[in-house]
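Structural features, examined
Below are the chains, spelled out letter by letter.
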Amino acid sequence: QENRAALGGQVPIVSVRLGTKLDDHFVLTLRRTFVENGIATPFNQVLSWLCQRKEYFCAASIGLDLLGDVDGLRDLRRSIDSTELAEGRANLEGLLDGIVPLDFSVENSSNGKLLSRMVESTITQLADMTVGCLVKGGLAMSNTLEGLLGRNVNYDPARASLMLSAAATCAVSGDNDLVSTVMGTAIKEKEIAKAPATDILWPIRCLLRIAVARDFLPTALLLLNESIPDELRNRKRLNEPASTPTPSLEFCASIITMIVASSPNAAGRLLELIDEQTRTRYWESLAHDTQLALALIQIDGKFPLLRESEIRSWALQHLHGCIEADSKKGSSVVDPPNNLPSDWLKKLVDACARNAGCDLKQLSNKSPFSKEDTDGIQKHLGELQMTQNALVSGPGSGGLDFDLIIPALLLLESRDGTLWKDGVLVSTQAILDAACYLAGRHGAEEPAFPFDASTVMRQCALVDNVSAGANLIGGKDGLVLKCCDVLIEGCKMSMDEAESFILDEELSLPKENAGEEKERDFVITDGHRHVLWLLDEHVLSIKTFGEFETIHIRGRVDPVFASHACFRTWLRLNPNESATEWLVSWLRKQLGIDDSSISKKRLACAAIARALMWPSNRKGSIDPDINAPLDQVLATALGIKGKFLVQISQACCGLIEAIPPSLADDVFRHDDHGDVGLGTHVQVG
């Protein structure tokens, strides 16, 4: 009222009488502000008067002009339509001429410190009033306000934060009248219900800009925790009746996304908030459905909350609990209240991969081997390699979180083989095997969290996923488990039976099936393809002599033992001539053997020759006992013809790796020359 009286009130200055009549009496008046301030008016009175008239554009423009914020003026003019902009410019040009000019200089003054404090106070007052004008301008001026809060260092962050927290309270109140006061003229009252959550929450966006620009984050979050605690947690207000519908999760997710995206340490600060209603930390005060939604908030293609220890521990606990529950009750029982839905598990797998910078797009492409590869061998081997390459972490990503992605994939696979992602060609089991394969190996990227191998191995055992456990263990034991898994699926054997067949000294086939199998034509299956993959990985790819010495190399497999295990597995799958002929033909192609040339893969030929032509004992090493029955020799049991055995023997001729170590020792011991170095010239075959 005082401001209106000062700006609009009149003060009599001169009284003139030209006669005796009343009409001859004239009074000359001036505005009260002119009498008190002279020809110019202080900016605070002008800005207050304009705000009372709801001329927020003019008021904000004057404030930005006096602050010298050219970028702010440009942004403000872009946010206003052309008609309002023309009217505002006309009013602005006249008003700027009538405002007391601000002198921010304190040079050449005997009272420099006093003037400096006065100037700072004046600038702060101007900046605070400009912020207030922009806040009153609503959504249309929010971008200008956000820019000013990020650039200007003169406004009072506490006062500005209080204004914005009050505006945020009105914005999320659900009362259309209150919301419309915050939104301004940018949106009609009837359209408020359809407005995007990000538009309605513009006060929080601006508040977070203060938090980052002025190092005010803890205070800003405390203000939000006090002013809108229920909206932060997506719950009903304490005094609301039970019939009141649950608030929209979109609002809560938008608020948390804004907070987490504002600063790298904002997520940690958010989790430290204490709920006054339950007296618990922020994450514990949330309902389970809200936790599921907020845990997978995506910002710039990443999921930062999964990197927070508290939320990661929560996810690990629920994943392990679901695995234990699923292993006991089976997938057909109704999910418990705190179960993890399959759709959420799919998103979690994708989130872990994105956080690690993995390129999963290649898994949606068609295999390049689909046209010419009639047996599907190249396709199978290529997809296995492609899947492993797709899970390689990007530089600076903190590595793939195997503790999260593996149990999520285990749950999806245990639930009737649910596809881990829509539109991909790679199965859930294949991506699970690749993840387990990489989990036990040291990658180039240092992991952000240490891998808990024992817990993940127990989870594989709980859901009876032998293939995942085998890839996780790796090495010799992992190879045995992979072969056992092939036999369990292909021959319906138990784990003990499969393991005994691969490792026992005696090589024997079930008599009741031997005759039937010999009469059947060979048809390649996924089990055969996986055996060939194991041969390719552990035998055909060896390049150095050191790969035969695997005792001191963790995760490596002796190529001779790998050949022995794979050939026994192949034999048990199809003990017939057609299967053996197919295998020999495939080996010839891989080794480059034909009637006119000798294979250049001498080390691989040495491992295969040693496995095929010498019997083995329980430990899988080669026993040089020449008195062993011929049916205990793999080449005889498989029915491999002598021509192929001669060809691989010629390729590895002269390599001591082609014969058992004990036999090699005897050769050296009886060497007439006594030169151990001549052992490399021992002729084999």
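Presented here is an overview of the structure given in this document.

Cut-offs and rules
Residues numbered from 1 in each chain as written. Predicted model: local features only at pLDDT ≥ 70, side-chain atom pairs only at ≥ 80, totals over all residues. Heavy atoms only, no water. Helix = DSSP H or I, 4+ residues; strand = E, 2+ residues; numbered from the N terminus. Buried < 20%, exposed > 50% of the residue type's maximum accessible area, 1.4 Å probe, protein only. Contact = heavy atoms within 4.5 Å. Core = buried A, V, L, I, M, F, W, Y, C linked by side-chain atoms within 4.5 Å. Axes fitted to C-alpha atoms, helices over the stretch in contact; angles between N-to-C directions. Parallel < 35°, antiparallel > 145°, perpendicular 65-115°, else oblique. Left-handed = near helix turned anticlockwise from the far one by under 90°. Nonpolar A, V, L, I, M, F, W, Y, C, P; charged D, E, K, R; others polar. Phe/Tyr/Trp six-rings, centres within 6.5 Å; stacked < 30°, edge-to-face > 60°. Lys NZ or Arg CZ within 6 Å of the ring centre and 35° of its normal. Expected span 1.5 Å × (residues − 1). Patch = residues over 30% accessible without salt bridge, like charges linked within 9 Å, V, L, I, M, F, W, Y side chains within 5 Å. Areas by Shrake-Rupley, 256 points an atom, 1.4 Å probe, with all protein chains shown as cover. Salt bridge = Lys/Arg side-chain N within 4 Å of Asp/Glu carboxyl O. Lys, Arg positive; Asp, Glu negative; His and termini not counted. Charge placed at Lys NZ, Arg CZ, Asp CG, Glu CD.

Right, let's talk about the environment of Leu381 for a bit. Within the secondary structure, Leu381 is located in helix 20 (residues 377-390). Here Leu381 falls in the buried class, since its relative accessible area comes to 15%. Separated by 151 residues in sequence, Leu381 and Leu532 have C-alpha atoms that sit 8.3 Å apart. Excluding residues that lie within four positions of it along the chain, Leu381 makes contacts with Arg529, Leu532 and Trp533.

Let's shift gears to the nonpolar core. Ranked by internal contacts, the top residues of the largest apolar core, which has 130 residues, are Ile256, Ile259, Ile406 and Trp420. The contact partners of Trp420, leaving out residues within four places of it in the chain, are Lys346, Val349, Leu360, Leu363, Leu409, Leu412, Val426, Ser427, Thr428 and Ile431. One finds Val486, Ile502, Ala562 and Cys605 within the second-largest nonpolar core, a separate group that totals 65 residues.

To continue, consider the packing of helix 9 (residues 157-171) against helix 10 (residues 176-183). Packing of helix 9 against helix 10 leaves a shortest axis separation of 7 Å and a crossing angle of 135°. The angle between helix 9 and helix 10 places the two elements in the oblique class. Handedness of the crossing formed by helix 9 with helix 10: left-handed. Across the interface between the two elements, Ala167, Cys170 and Ala171 of helix 9 pack against Leu178, Val179 and Val182 of helix 10. Considering only residue class, the contact of helix 9 with helix 10 consists of six nonpolar, no polar and no charged.

Take the packing of helix 26 (residues 495-503) against helix 29 (residues 559-573) next. For the pair helix 26 and helix 29, the least separation of the axes is 9 Å and the interaxial angle reads 125°. With respect to helix 29, the axis of helix 26 lies oblique. Considering only the axes of helix 26 and helix 29, their crossing is right-handed. Contacts between helix 26 and helix 29 involve Phe501, Ile502 and Leu503 from the first element and Phe561, His564, Ala565, Arg568, Thr569 and Arg572 from the second. Partitioned by chemical class, the residues of the contact of helix 26 with helix 29 number five nonpolar, two polar and two charged.

Here we come to the packing of aromatic side chains. Taken as a whole, this structure holds four aromatic pairs when the rule is applied. Over the aromatic face of Tyr155 sits the side chain of Arg214, whose NZ or CZ is 4.7 Å from the ring centroid. Its guanidinium or amino end placed over the ring of Phe561, Lys476 lies 4.7 Å from that ring's centre, counting from NZ or CZ.

A word on helix 15 (residues 249-262). Relative to the 20 Å expected for 14 residues at 1.5 Å per residue, helix 15 spans 20 Å between its end C-alpha atoms, a close match to the ideal helical length. Of all the positions in helix 15, only Cys252, Ser254, Ile255, Ile256, Met258, Ile259, Val260 and Ser262 are classed as buried. Along its buried surface, helix 15 packs onto helix 11 (197-200), helix 12 (202-213), helix 13 (217-227), helix 14 (229-233), helix 16 (266-271) and helix 17 (288-295).

With that settled, the discussion passes to a nonpolar patch on the surface. Judged by side-chain polarity, Ile13, Val14, Val16, Leu18, Phe26 and Leu28 come together as a nonpolar surface patch covering roughly 550 Å² of accessible area. Breaking the nonpolar patch down by element, the ones donating at least two residues are strand 1 (10-17) and strand 2 (25-31). Relative to the helices and strands, Phe26 resides in strand 2.

This paragraph deals with a negative patch on the surface. A contiguous patch of negative charge on the surface is contributed by Asp477, Asp496, Glu497, Glu499, Asp504, Glu505 and Glu506. In terms of residue count, the dominant contributor to the negative patch is helix 26 (three residues). Following the sequence through the fold, Glu506 ends up in the loop between helix 26 and helix 27 (511-519). Residue classification places Glu506 among the exposed residues on the basis of a relative accessible area of 57%.

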